[in-house]
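Given next are the chains, with one letter for each unit.
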Amino acid sequence: MPQAHSPSIVHVEPTTRCNMRCRMCVKAVTDSPTPDGDMPLEDFQRLLPDLASCDRLVFAGVGEPLLHRDLPAMIASARQVMSPDAQIAMQTNGLLLTKDLALELATAGLDTVCISLDSLSDADGETLHGAVRLQALADAYEALRLASERTGRPIRAGAQIVLMRENAPHLPAMVRWAGEHGARFVIVSHLFPYTREAEEHSLFNPNPEEAARYFSKWKAIAAGEGLDFDDYYKILWRVDKSEGDKRLVHLVKLMQRDANAHGVWMNVRSLFDWDSTDRGDLERAFEGASAVAREMGMEISLPPLSARQERRCGFMEEGATFISRSGQVAPCHFLWRNYRCVMGGETKHVRAAFFGSIRQARLEDIWNEAGYKDFRSQALAYEYPHCASCNGGPCSDVTSASSPFEEDCIGSRVPCCHCPWPVGQLACLS
């Protein structure tokens, strides 16, 4: 895939300060320090020559953009140099969006605002997110409507919903609430757990559907021979196996060989665990949310229930880049900072991948630096393992507990093998 000479989408983190303390956020993880601070206006202005050829500018990050006092000035200066068709967007919790500020942002040239909505109930909202402030969110949507009306500038309002066990049954109601208050699009994402506590609230099945199909195929073969697949781990380590037990163990081996021969990665333990999970309620919630969106003329982006076998990285394919509040340039959300997360019950240490700083060089020059171009080429090749669906993992390359990532088990030097975006676990405003 040919690479563009400059990024098409620029994500900017104006601040790491936030007015909320959500337990599901990386800022709440004590050993994933994120120092509070703002991007100086002069640093943002260094980007203006590069924004002239950019299709989309997105203000987002681990902080709340509305806390930055120069945000309207950033938007106004970007709008002056960007194409009239280019978009300027922002992800926000919406709690600080007053009528006056919304008018100022609209006048400056803001096009799209995505507001976080994770619950309609205090009982759900207190679990991992901050307290539910529905009236404040309703006021934010109304402020955007009035600002658009007064300026004559269309502002596309939307909602971002992080799916958890507590709020999943209420997804259709949440989509309806957002639509009734002015949202024209909804982005639904699975939870990205930074702690083991948070992982327990995740509904994402890390096993690709193709792996599940092979599992179902061989489970049916076993049943046809009068064997119960679910007995596998009950008899696997038994010394005095019966002939039926031995046959069941052999069938599981044949299943793995069958899948591997067709390029399908398989985590047997995880497949057995997820096979006993009833997904019917979640499927009905997705169907209900889609029906509400169609009824209200809204766009909705729903994540897959299980990991995608064929991975796609929107960041790489759409030519995105990420600027931290300190001016460092990273390739994607996953590698935007140093932090700890949890994958498959194991702690993983993610190390940031920075390719330069806008304080020392033009963004276009950093984008075209050999190391950054090579990173994008390798990422776009999609030649890396399915770590979450690996029977031998998690290995040290995944956890990175002892040393930074160097290469995965098949030789790729980009840490995309354990990224939750290409498999469909995470989605965000882009």
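This text goes with the structure placed above it.
A. Quick peek at unusual backbone geometry. Positive phi is not limited to glycine here, since Tyr382 has a value of about 55°. Within the secondary structure layout, Tyr382 lies in the loop between helix H16 (370-381) and helix H17 (396-399).

B. Geometry of the environment of Gly109. By the secondary structure assignment, Gly109 is in the loop between helix H4 (99-108) and strand E4 (112-116). A relative accessible area of 1% places Gly109 in the buried class. Considered as a pair, Gly109 and Ser77 are 32 residues apart in the sequence and their alpha carbons are 9.2 Å apart. Every residue in contact with Gly109, bar those within four places of it in the chain, is listed here: Ile75, Arg79, Ile88 and Arg153.

C. Highlighting the pattern of salt bridges. Using the criterion set out here, one finds 24 salt bridges in the structure. For Arg269, the salt bridge goes to Asp273, with nearest N and O atoms at 3.4 Å. Taken together, the residues span about one helical turn, with Arg269 and Asp273 both in helix H12 (residues 268-275) at a distance of 4 residues. In this structure Arg269 comes out as partly exposed when scored by relative accessible area, which is 40%. Given a relative accessible area of 39%, Asp273 falls into the partly exposed group. Beyond isolated ion pairs, a larger network of salt bridges with shared partners links Asp43, Arg46 and Arg359.

Here is what the cut-offs are and how they apply
- Residues numbered from 1 in each chain as written.
- Predicted model: local features only at pLDDT ≥ 70, side-chain atom pairs only at ≥ 80, totals over all residues.
- Heavy atoms only, no water.
- Helix = DSSP H or I, 4+ residues; strand = E, 2+ residues; numbered from the N terminus.
- Buried < 20%, exposed > 50% of the residue type's maximum accessible area, 1.4 Å probe, protein only.
- Contact = heavy atoms within 4.5 Å.
- Salt bridge = Lys/Arg side-chain N within 4 Å of Asp/Glu carboxyl O.

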